[in-house]
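# Structural description and commentary
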Amino acid sequence: GGASDPTDDRPYLRAGYTMSWGANHLFIFGGTLAYEQRKVNDLYVTNLDRMVWMKMQPTGERPIERDGHCTVFDPVRKRLLVFGGRSIQKKRLNDLYSYDMVSNTWSKMAPEGNLPAPREYGNMVLLNDDTAVLFGGRGSGQRYNDMHFLDLKHPKLMWSQPIIAGSAPSPRQD
């Protein structure tokens with residue numbers, strides 16, 4: 001057993017990971033393993049009816065190891081989206097990946113529009129069936145209080161930044 005054992009289906013103690021819910025499943029992705037202090041890019045899924053964790057072995061182009069990323073589940077297209085975080089080399093990221101739960105495949109996305117700045121510890125939520133929202137996080141020497149919309153129905157996905165009136169919340173990170 002252990003985290004390096006591909007037959008061990010337990011998501012070991014970790015920090016900087018994400019857990020998302022969708023399609024009656026929980027998804028745990030990435031983070032830093034507590035006992036090894038090693039960043040990972042593994043994906044664990046459980047069906048809430050059975051409550052048995054499975055370590056997925058998806059095909060495709062998987063995200064690099066990271067922590068501090070954010071995820072959101074797109075229920076219409078049955079995919080988990082992973083944005084940003086911090087790599088093993090301590091580089092802040094602004095890449096976007098999609099895990100298709102039907103085909104068990106990772107894909108690196110190339111969204112159109114203005115990409116958010118590289119960041120870690122931002123937050124993403126689903127606004128409606130076709131829009132995810134990214135807010136805040138920590139970048140190079142700063143914390144963000146910006147908001148970005150991700151159009152999920154666009155063929156390549158598309159980032160946009162809304163015009164916001166009033167006082168914005170203070171910069172923050174998760």
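Our subject is the structure listed above.
This write-up is about the structure you can find in this document. Just so it is clear, the structure is predicted and the values come from calculations on it, not from any experiment.

Attention now goes to the nonpolar core. Leu81, Phe83, Leu96, Met124, Leu150 and Leu157 are the most contacted members of the largest nonpolar core, which has 13 residues in total. Of all the secondary structure elements, the ones that give two or more residues to this core are strand S8 (70-74), strand S9 (79-87) and strand S14 (131-139). If we skip the residues at most four places from it in the chain, Met124 touches Cys70, Thr71, Val72, Phe83, Ala132, Val133, Leu134, Leu150 and Trp159. Judged by nonpolar contacts, the second largest core, of 11 residues, contains Phe27, Phe29, Leu43 and Tyr97.

Glancing now at the packing of aromatic side chains. According to the stated counting rule, one finds 5 aromatic pairs in the structure shown. Counting every residue linked through ring pairs, the aromatic cluster contains Phe29, Tyr99 and Trp106. The ring of Tyr144 carries Arg119 above its face, with NZ or CZ at 4.2 Å from the centroid.

Right, let's get into the sheet that holds S14. A sheet is described by the order of its strands in space; here 5 strands give the open sequence S12-S16-S15-S14-S13, paired in mixed fashion. Both outer strands of the open sheet, strand S12 (112-113) and strand S13 (123-128), are each paired with one neighbouring strand and no more. With 8 bridges connecting them, S14 and strand S15 (residues 142-151) associate as antiparallel partners. Its bridge partner being in S15, Thr131 is matched across the sheet by Asp151.

Here the focus is the side chain of Asp74. Residue placement: Asp74 occurs in strand S8. Judged by relative accessible area, which is 0%, Asp74 ranks as buried. There is a polar contact of 2.6 Å between the side chain of Asp74 and the side chain of Arg77.

As a general feature of sheets, a regular strand has side chains that alternate between the two faces. For S8, the buried fraction is high: 5 of the 5 residues fall into the buried class. Burial along S8 is two-sided: Cys70, Val72 and Asp74 facing one way and Thr71 and Phe73 facing the other are all buried. Pairing of S8 with S9, which is carried by 5 bridges, proceeds in the antiparallel orientation. Looking at the pairing, Thr71 lines up with Val82 of S9. Where S8 hands over to S9, the hairpin turn is made up of 4 residues, of which Lys78 adopts a positive phi near 50 degrees.

So, how was this worked out
Residues numbered from 1 in each chain as written. Predicted model: local features only at pLDDT ≥ 70, side-chain atom pairs only at ≥ 80, totals over all residues. Heavy atoms only, no water. Core = buried A, V, L, I, M, F, W, Y, C linked by side-chain atoms within 4.5 Å. Buried < 20%, exposed > 50% of the residue type's maximum accessible area, 1.4 Å probe, protein only. Helix = DSSP H or I, 4+ residues; strand = E, 2+ residues; numbered from the N terminus. Contact = heavy atoms within 4.5 Å. Phe/Tyr/Trp six-rings, centres within 6.5 Å; stacked < 30°, edge-to-face > 60°. Lys NZ or Arg CZ within 6 Å of the ring centre and 35° of its normal. Pairing = 2+ DSSP bridges. Polar contact = N/O pair within 3.5 Å; in protein donor to acceptor, adjacent residues only side chain to side chain.

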